[in-house]
Amino acid sequence: MTAEVYQFPCLTDNFGVLVHDPATGATAAIDVPEAAPVLKALEERGWTLTDILVTHRHGDHVQGIPEVKQRFPKARVIAPAGEADRVPLVDATVKEGDIARVGSLQARVIETPGHTIGHIVYFFEADKLLFAGDTLFSIGCGRVNEAPMAVMWDSLLKIAALPEDTAVYCGHEYTLANAKFALTIEPGNARLIAHAKQVEDLRANGAASLPTTLGLELAINPFLRAERPEVQAQLGMIGANPADVFAEIRERKNRF
Ligand code: ZN
Ligand code: FE
């Protein structure tokens, strides 16, 4: 049976996401930016929380955990080994290659250091679902706070190697601002231009721009395209090391 995913807004621009296994009734929250919307979503769906899968330690991803645990004391908090000491109420830690189980569903843990040093993403292989936290956004990527740019680039390459029809859920609704920036890097990317318009319409109607797909991101997300000659040409960096091209794009975004 396939996983059911329910995404909803939290805080100002975070997403809450629930992953439900209809076979066993197990339900995981991917991060808990805020307790109330997560509890409301569980009630709306009639689901019982069994697991909390943490991507990284930042407050806007973990601060709701204590309140949600109070309501669902049996829910197991799974946290990245690299920074579990700074996540509340951890029950188990996971690292590269580990499998996080949600009932009969299985998520492969991929370490993606960069935004934080211990950041991980969860890939539900059978359903081709990726929960990318603050490593990858639609048309963007997380700020590189805790590792060299080249390390973040390697993290993004790991994600880029997943199947193109993977549905990608991200920690934040930043897509509109990301699209504006991406158009400065690739003003002639027809698919980017078309998708930016679509995102504008979605956001004008109060709808989410996520999930996205990896295939779409590979076509329009400049942070995944540092190897492409058309991107390198635009930056005057033809033949440069892709990690350096990535770093240049990230630095431009920081100043944008
Ligand atoms: Zn973060
Ligand atoms: Fe965040």
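This section reports on the structure supplied with the text. (Residues numbered from 1 in each chain as written. Chains lettered and ligands numbered in written order. Predicted model: local features only at pLDDT ≥ 70, side-chain atom pairs only at ≥ 80, totals over all residues. Heavy atoms only, no water.)

### Some words on unusual backbone geometry
Item 1. The residue after leucine 210, namely proline 211, is reached through a cis peptide bond having omega 0 degrees.
Item 2. Here proline 211 lies in the loop between helix 6 (190-204) and strand 14 (212-213).
Item 3. For leucine 11, which is not glycine, the phi dihedral falls at a positive 45 degrees.
Item 4. The topology assignment puts leucine 11 in the loop between strand 1 (4-10) and strand 2 (14-20).
Item 5. Its identity is not glycine, yet leucine 89 carries a phi of approximately 55 degrees, on the positive side.
Item 6. Within the element layout of this structure, leucine 89 appears in the loop between strand 5 (76-80) and strand 6 (92-94). (Helix = DSSP H or I, 4+ residues; strand = E, 2+ residues; numbered from the N terminus.)

### Observations concerning the pattern of salt bridges
Item 1. Throughout the structure, instances matching the rule amount to 14 salt bridges.
Item 2. Here aspartate 98 and lysine 95 are joined by a salt bridge, their closest N and O atoms 3.8 Å apart.
Item 3. For aspartate 98, a relative accessible area of 23% translates into the label partly exposed.
Item 4. For lysine 95, a relative accessible area of 46% translates into the label partly exposed.
Item 5. Among the salt bridges present, the one from aspartate 165 reaches lysine 128, with a minimum N-O distance of 3.0 Å. Of this pair, aspartate 165 sits in the loop between helix 4 (149-160) and strand 13 (167-169) while lysine 128 is found in the loop between strand 9 (120-124) and strand 10 (129-131), placing the two residues 37 residues apart along the sequence.
Item 6. Among the charged side chains, a salt-bridge network with shared partners connects Arg57, Glu83 and Glu146. (Salt bridge = Lys/Arg side-chain N within 4 Å of Asp/Glu carboxyl O. Buried < 20%, exposed > 50% of the residue type's maximum accessible area, 1.4 Å probe, protein only.)

### A look at the packing of helix 5 (residues 175-185) against helix 6
Item 1. Following both chains from N to C, one finds helix 5 and helix 6 inclined at 155 degrees, their axes separated by 10 Å at the closest point. In this view, helix 5 runs roughly antiparallel relative to helix 6, as classed from their interaxial angle. Considering how the two elements wind past one another, helix 5 and helix 6 form a crossing that is left-handed. From helix 5, Thr175, Leu176, Ala179, Ala182 and Leu183 reach across to helix 6, where they touch Leu192, Ile193, Ala196, Val199, Glu200 and Arg203. (Axes fitted to C-alpha atoms, helices over the stretch in contact; angles between N-to-C directions. Parallel < 35°, antiparallel > 145°, perpendicular 65-115°, else oblique. Left-handed = near helix turned anticlockwise from the far one by under 90°. Contact = heavy atoms within 4.5 Å.)

### Here we look at the coordination of the iron ion (ligand 2)
Item 1. In this structure, Asp60 (OD), His61 (NE2), Asp134 (OD) and His172 (NE2) serve as the protein donors to the iron ion (ligand 2), at separations of 2.1 to 2.3 Å.
Item 2. Note that the iron ion (ligand 2) binds four donor atoms; their angles at the metal cover 83 to 171 degrees, and the shape is irregular.
Item 3. Here the donor residues of the iron ion (ligand 2) share one chain and are spaced in sequence as D-H-x72-D-x37-H.
Item 4. In this structure, the iron ion (ligand 2) is positioned 3.1 Å from the zinc ion (ligand 1), and both are ligated by aspartate 134. Of this pair, histidine 61 sits in helix 2 (residues 59-62) while aspartate 134 sits in the loop between strand 10 and strand 11 (136-137), placing them 73 residues apart in sequence.
Item 5. Judged by relative accessible area, which is 1%, histidine 61 ranks as buried. (Donors = N, O, S within 2.8 Å, 3.2 Å for Na, K, Ca; no water. Tetrahedral: all angles 85-135°; square planar, octahedral: opposite > 155°, others 65-115°.)

### Section: the coordination of the zinc ion (ligand 1)
Item 1. Summarising the metal site, the zinc ion (ligand 1) is bound by the protein donors His56 (NE2), His58 (ND1), His115 (NE2) and Asp134 (OD), whose distances to it range over 2.2 to 2.3 Å.
Item 2. Here the zinc ion (ligand 1) binds four donor atoms, and the angle range of 84 to 174 degrees at the metal identifies the geometry as irregular.
Item 3. Linear spacing of the donor residues for the zinc ion (ligand 1) on their chain is H-x1-H-x56-H-x18-D.

Honestly, that's just the spatial picture; any functional story needs more than this.
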